[in-house]
Amino acid sequence: MKLSLVFATTISSFFVSATTGFGFSGQAHALTFSGISSGTWGNPTPESIDTKPIYTGVGSNTFIWGDPNVCPASSNTPSGCKITGSNKLTLDGSSFSTDINSAFKIADLTYFNGTVLKGTSVGFVPLNLNLSFNPPTGISEVFDFNLGLINTPNDPTNAEDNADFVFIDTNLNNRSFTFEGNKYTLELTGFNPDIPQISINALEGATTKAAIYAKFKSIPEPPLVAGLFLLGIYMISRKKFFEKKY
């Protein structure tokens, strides 16, 4: 009987911790994050082991890749061959103000689909997203994400098949940070605040501009998880105790 009392007292302490955790969750939902974003591109990953990518713009907000010199310099140049320029991604930061778990625009992405030589493209490019928070947060955080690039072979008979794609790598799509002892994550949700859309495309020689949306989420504290786990053990033990007693 004394052992049960000690166990109950221990569980009560964890239950208080769990209740405190729930209180933190309520505070997190009331928290508003505001500030301004900016971004730079990192060193890309080649499209394959056989490619020799050509690119510029690492460390800036405009990334250009692919050799645009696709037309041979001779009198036998194929009909319709023209140099449109290399592929280009430009990220423009944005001001934001948002609550926890609410989708908001974090940046604008402009994508130009140029005509480039096969074997000179890249497969992925890192995006280093910097957020400067307004008071009371008053911190600056850098979040690392990855954008995938799908460069399709050009078909002169079908313009739709010549569209190239940019997509958000969801395997690397959340990063955490700490504010006043509490942990949060930033997740890129896609190019549409209402429906799942992680990619955009642009036709050959055309430009597509789209907003990138994100969401802040709170990370539950360990005492909350442990408290609920031990509370479950306690309830099971109590049930077995009464079954044996009666």
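Conventions we followed
Residues numbered from 1 in each chain as written. Predicted model: local features only at pLDDT ≥ 70, side-chain atom pairs only at ≥ 80, totals over all residues. Heavy atoms only, no water. Helix = DSSP H or I, 4+ residues; strand = E, 2+ residues; numbered from the N terminus. Buried < 20%, exposed > 50% of the residue type's maximum accessible area, 1.4 Å probe, protein only. Areas by Shrake-Rupley, 256 points an atom, 1.4 Å probe, with all protein chains shown as cover. Pairing = 2+ DSSP bridges. Contact = heavy atoms within 4.5 Å. Core = buried A, V, L, I, M, F, W, Y, C linked by side-chain atoms within 4.5 Å.

Okay, the overall build of the protein next. Helix and strand counts for the protein stand at two helices and 14 strands. Burial analysis of the protein (246 residues in total) assigns 35% to the buried set. Carbon together with sulfur atoms contributes 57% to the accessible area of the protein, which is approximately 13,700 Å² in total.

Residues in a regular strand point their side chains to alternate faces of the sheet. As judged from the nine bridges shared by strand β8 (residues 122-133) and strand β9 (residues 140-150), these two strands associate in the antiparallel manner. Among the inter-strand pairings, proline 126 is bridged to a residue of β9, identified as asparagine 146. Count of turn residues in the β8/β9 antiparallel hairpin: six residues, of which glycine 138 carries a positive phi of about 60°. With four bridges joining them, β9 and strand β10 (residues 164-168) adopt antiparallel strand pairing. Bridge pairing links leucine 147 to isoleucine 168 in β10.

Below, the discussion takes up the side chain of asparagine 146. Counting through the fold element by element, asparagine 146 comes out in strand β9. Classification of asparagine 146 by relative accessible area gives buried; the value is 14%. If we skip the residues at most four places from it in the chain, asparagine 146 touches Phe124, Val125, Pro126, Phe167, Ile168, Asp169 and Leu172.

What follows deals with the environment of asparagine 154. Mapped onto the elements, asparagine 154 comes out in the loop between β9 and β10. Distance in space between the C-alpha atoms of asparagine 154 and glutamate 204 is 8.2 Å, their sequence separation being 50 residues. Non-local contacts of asparagine 154, meaning those with residues more than four positions away in its chain, are made with Thr115, Asn162 and Glu204.

Position of serine 34 among the secondary structure elements: in strand β1 (residues 32-41). When residues no more than four places from it in sequence are discounted, the contact partners of serine 34 are Phe96, Ser97, Ser132, Phe133 and Asn134.

The next subject is the nonpolar core. Core analysis: the largest hydrophobic core is formed by 38 residues, its most contacted members being Phe33, Ile106, Leu109 and Phe216. When sequence neighbours within four positions are dropped, the list of residues in contact with leucine 109 reads Trp41, Leu89, Thr90, Leu91, Leu147, Val166, Phe191, Ile200, Thr208, Lys209, Ala210 and Ile212.

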